[in-house]
Amino acid sequence: MKITRKEVEHVAILARLELNTEEVARITAQLDNILSYVAKLDELDTEGVAVTTHTQNIANAFREDEAHESLDRKKALANGPQVNGEVFVVPRVIT
Amino acid sequence: MDYFSLTLCEALQQLASGELTSVQLTESVLSRIDTVEDRVSSFITLDREGALIQAEKADGLRREGIAGRLCGMPISVKDVLCTSNMQTTCGSRILENFVPPYDATVIEKLKEEGAVIVGKLAMDEFAMGSTSENCAYGVPENPWKQGYVAGGSSGGSAACVAADESLASLGSDTGGSIRQPASLCGVVGMKPTYGRVSRYGLVAFASSLDQVGPLTKDVADCALMMNVISGYDRRDSTSINKPVPDYTEILHTGLEGVTVGVPVEYFGEGLDPEVEKVVRSGIDMLRDAGARVREVSLPHTEYCVAVYYLIAPAEASSNLARYDGVRYGYRDMKADSLVDMYRKSRSHGFGDEVKRRILIGTYALSAGYYDAYYKKASQVRTLIKNDFAEAFGQCDLVVSPVTPTPAWKIGDKADDPLALYLSDILTISANLAGIPGLSVPAGFNREGLPIGIQMQAAHFNEEVLLRAAWNLEQRAGVKGRKPAIGLP
């Protein structure tokens, strides 16, 4: 086994996902299958090979630090599931 | 008149000569949608009224003599691109009713050139999938055969153009999501070089792989769309500041002096014999057009799927952390603590495939596994990139199948994620290497399902792809062939 139910439950907590028992069982089997497949990469010796995280050589992309209009507050709040006209409202964090 | 069946170039000519107006053309497209949409299901959102208003405006601009390059052209776009006046769902329940406060740069460019945006097209949720079956708003069907997949993730974009429901469309390609559905639906689809087209306003899936590109009825239209959407954008720091050539200019040149590479690894086990036959005869046509043909090797091809299904989910797990029910999208209103609200909103809002990829990605990046999975995959990505660099020292483009098989039945691979992942084997490498690729229709199998040919070239060498594809199109004899839908 590449991954256990317990590990899937832990990863779900990290990813802020809730899984029921049936989902944990099903996803554990699927992830195990996928991780067993990707273990294929171990066939290759990559000692000393540089990583590619980006295919183009872009150095820091700087821009002029100029003031400009930003998104209007009303527009920014328009898609909020719960707002009070000034801010997004969320369940109480500090009790 | 069946104006809806025109290509962009044909319609633009008729508009310029005054034979046709954008309102007539748009009405024709809308009535075509009325006839075939029940069968094709390519739209998530259709803006009938808005389209006619834009068409009238386009006709007005043309009368004033200020027609843009796409003035009056009815175009629809994958629902992964932000549109300021239209909901953008990304195929997900979590973005139901989301209306972006701004346009994606590519949408802005289409509008500046006078395009008429007809609607938003079906796709796999967050572009994760190869069949569009993961769309929360209905699954598009292949216009060539009922009950068959249109491909994915830009399945709606490919089906819409193949069914003449718009003159052209835009899609996004993270591991083949433009080229694969284009091949399965018999249209032209191009994934540009990473950085050629701005990603600003493209809902992010895997940021180092995602790229926007056109799906069109023919190669000349693809070149025209590339002219419009390409270019540096200061709002996308990964877009590249490099002049954009006129892609339409070089099409009609023969292929003398061009070397076509045939990668042996792309013709391996599992390749459908009818697909192989079409691709081999396509290569002969390129030779007839003047190209030299030689074998090349891309030795790490067999590792592409493994690399992709670590890197793409890893990036996705980070990108999709933003869906937390706070600023936009679905929120579970019953949760009474913040963390519970995050968990419930995400669990109810995301579909199975998206959850699966978030979990793989989170796992691959988590403490203790990072070196074994993400780092290892990123190193093998270097080897894959080097394979292409070496191949492009020996040839100008590599030609191969797009997918191992033509379209399959809806539901056939739905229960086995890994089997579906493996069907992406021939398209993934272009994204990992950041190079451009396209799919051009080249034939049909005995069942009448389209088969495309894939062409890939070095960074920023879109021109050689379009030129080779145009030459192939002239010889393949499938251009203009239409699916038998919506006939009286």
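Residues numbered from 1 in each chain as written. Chains lettered and ligands numbered in written order. Predicted model: local features only at pLDDT ≥ 70, side-chain atom pairs only at ≥ 80, totals over all residues.

**Student:** I'd like a rundown of the overall build of chain B, residues and numbers included.
**Tutor:** For chain B, the count of helices and strands is 15 helices and 11 strands. At 21 Å, chain B has a C-alpha radius of gyration in line with the 23 Å of a compact globule built from 488 residues. Each of the three principal axes of chain B carries a C-alpha extent, and together these read 65 × 55 × 45 Å. Evaluated residue by residue, chain B yields a buried proportion of 62% over its 488 residues. Long-range pairs, those at least 24 residues apart, make up 76% of the contacts in chain B between residues at least 6 apart in sequence. (Helix = DSSP H or I, 4+ residues; strand = E, 2+ residues; numbered from the N terminus. Rg over C-alpha atoms; globule rule 2.2 N^0.38 Å. Buried ≥ 20, exposed ≤ 12 C-beta atoms within 10 Å, placed from the backbone. Contact = placed C-beta atoms within 7 Å.)

**Student:** Would you mind going over the overall build of chain A in detail, with residue names and values included?
**Tutor:** Counting its regular elements, chain A contains 3 helices and 0 strands. Going residue by residue from the N terminus, the α and β elements of chain A occur as α-α-α. By the compact-globule yardstick of 12 Å for 95 residues, chain A is too spread out, its C-alpha radius of gyration being 23 Å. Based on the C-alpha atoms only, the size of chain A along its principal axes is roughly 55 × 45 × 25 Å. Counting every position in chain A, which comprises 95 residues, the buried fraction comes to 18%.

**Student:** Talk me through the sheet that holds strand β4 (residues 168-173) of chain B; I want residue IDs and the actual numbers.
**Tutor:** Backbone hydrogen bonds are what pair the strands of a sheet, in a parallel or an antiparallel way. Residue and element names in this part refer to chain B. In spatial order, the strands read β1-β3-β2-β4-β6-β5-β10-β11-β9-β7-β8; together these 11 strands make up an open sheet with mixed pairing. With partners counted over all chains shown, the strands left at the sheet margins are β1 (43-46) and β8 (292-296), one partner each. Within the sheet, the average angular offset between the axes of one strand and its neighbour, ignoring direction, is 30°. Sheet topology places strand β5 (residues 188-191) next to strand β10 (residues 437-444); 3 bridges connect them, and they run antiparallel. Paired with Met190 across the strands is Leu438, a residue of β10. Docked against the sheet, helix α15 (residues 462-476) engages β5, β9 (397-401), β10 and β11 (450-457), running at close to 10° with respect to β10. (Pairing = 2+ DSSP bridges. Axes fitted to C-alpha atoms, helices over the stretch in contact; angles between N-to-C directions.)

**Student:** Can you tell me about unusual backbone geometry, naming the residues and giving the values?
**Tutor:** Residues and elements named next belong to chain B. The omega angle of the peptide bond from Gly152 to Ser153 is 10°, so this bond is cis rather than trans. By secondary structure assignment, the location of Ser153 is in the loop between β3 (116-121) and α5 (155-162). We note that Cys90 has phi near 60°; this positive angle belongs to a residue other than glycine. Within the secondary structure, Cys90 is located in the loop between β2 (74-78) and α4 (105-112).

**Student:** Describe the pairing of β5(B), listing the residues and the values that go with them.
**Tutor:** Looking along a regular strand, one sees the side chains alternate between the two faces of the sheet. Residue and element names in this part refer to chain B. The two faces of β5 match: Val188 and Met190 on one face and Gly189 and Lys191 on the other face are all buried. Bridge analysis of β5 against strand β6 (residues 211-216) gives 2 bridges, and the strand direction is antiparallel. For Gly189, the partnering residue across the bridge sits in β6 and is Leu215.

**Student:** Quick one: what's the story with the nonpolar core, residue by residue and with numbers?
**Tutor:** Formed by 169 residues in total, the largest nonpolar core has its most connected members in B:Ile75, B:Val307, B:Leu310 and B:Ala469. For this core, the leading source of residues is helix α9 (residues 304-319) of chain B, giving 11 residues. Apart from the residues within four sequence positions on either side, B:Leu310 is in contact with A:Val38, B:Ala364, B:Tyr373, B:Tyr374 and B:Ala377. (Core = buried A, V, L, I, M, F, W, Y, C linked by C-beta atoms within 7 Å.)

**Student:** So, the packing of helix α1 (residues 5-14) of chain A against helix α11 (residues 352-365) of chain B: which residues are in play, and what are the values?
**Tutor:** Put simply, α1(A) and α11(B) touch, their axes get as near as 9 Å, and they point 95° apart. Taken together, the axes of α1(A) and α11(B) lie roughly perpendicular to each other. From α1(A), A:Val8, A:Val11, A:Ala12 and A:Leu14 reach across to α11(B), where they touch B:Leu359, B:Thr362 and B:Tyr363. (Parallel < 35°, antiparallel > 145°, perpendicular 65-115°, else oblique.)

**Student:** Describe α1(A), naming the residues involved and giving the relevant values.
**Tutor:** Among all positions of α1(A), only A:Val8, A:Val11 and A:Ala12 are buried. For α1(A), the buried positions fall inside an angular range of 105° around the axis, keeping them on one side. Summarising the contacts, the buried residues of α1(A) are in contact with α2 (21-38) of chain A together with α11 of chain B. In the segment just after α1(A), A:Arg16 is the residue with positive phi, at about 55°. (Arc of directions from axis to C-beta.)

**Student:** Tell me about the confidence of the model for chain B, and name the residues and values.
**Tutor:** Model confidence for chain B is summarised by a mean pLDDT of 96, while 100% of its residues fall at 70 or above. Quick note on the complex model: pTM equals 0.97, ipTM equals 0.95. (pLDDT = per-residue confidence, 0-100.)

**Student:** Just give me the short version of the environment of B:Gly452, but keep the residues and values in it.
**Tutor:** Residue and element names in this part refer to chain B. Mapped onto the secondary structure, Gly452 falls in strand β11. By C-beta crowding, Gly452 is classed as buried, having 33 other C-beta atoms within 10 Å. Setting aside residues up to four positions removed in sequence, Gly452 forms contacts with Ala182, Ser183, Val402, Ser439, Val440, Pro441 and Ala442.

**Student:** Any details on α11(B)? Residues and values, ideally.
**Tutor:** In this model α11(B) runs 20 Å from its N-terminal to its C-terminal C-alpha over 14 residues, within 8% of the 20 Å that 1.5 Å per residue would give. Across the 14 residues of α11(B), 11 count as buried, placing the element largely inside the fold. When we look at burial in α11(B), the residues that qualify are B:Val354, B:Lys355, B:Arg356, B:Arg357, B:Ile358, B:Leu359, B:Ile360, B:Gly361, B:Thr362, B:Tyr363 and B:Ala364. Those residues of α11(B) hidden inside the fold are in contact with α1 and α2 of chain A together with α9, α12 (371-391) and α13 (417-422) of chain B. (Expected span 1.5 Å × (residues − 1).)

**Student:** Break down the interface of chain B and chain A for me, citing the residues and quoting the values.
**Tutor:** Chain B puts 52 residues into the contact, and the matching count from chain A is 42 residues. Tallying contributions element by element places α12(B) first for the side of chain B that touches chain A, with 10 residues. Classifying every residue of the side of chain B that touches chain A gives 25 nonpolar, 14 polar and 13 charged. (Nonpolar A, V, L, I, M, F, W, Y, C, P; charged D, E, K, R; others polar.)

**Student:** Account for the packing of α1(A) against α2(A), naming residues and giving values.
**Tutor:** The angle between the axes and the distance between the axes are what describe a pair of packed helices. Residue and element names in this part refer to chain A. α2 packs onto α1 with a crossing angle of 105° between their chain directions and a minimal axis gap of 9 Å. Classed by the angle they form, the pair α1 and α2 counts as roughly perpendicular. Within the contact between the two elements, α1 uses Arg5, Val8 and Glu9 and α2 uses Val24, Ala25, Ile27, Thr28 and Leu31. Here the residues of the contact of α1 with α2 sort into 5 nonpolar, 1 polar and 2 charged.

**Student:** Can you tell me about the environment of B:Ala16, naming the residues and giving the values?
**Tutor:** Residues and elements named next belong to chain B. Note on placement: Ala16 falls in helix α1 (residues 8-16). Judged by local crowding, Ala16 falls into the partly exposed class, with 13 C-beta atoms found within 10 Å. Taking the C-alpha atoms as reference, Ala16 lies 23 Å from Pro214; in sequence the two are 198 residues apart.

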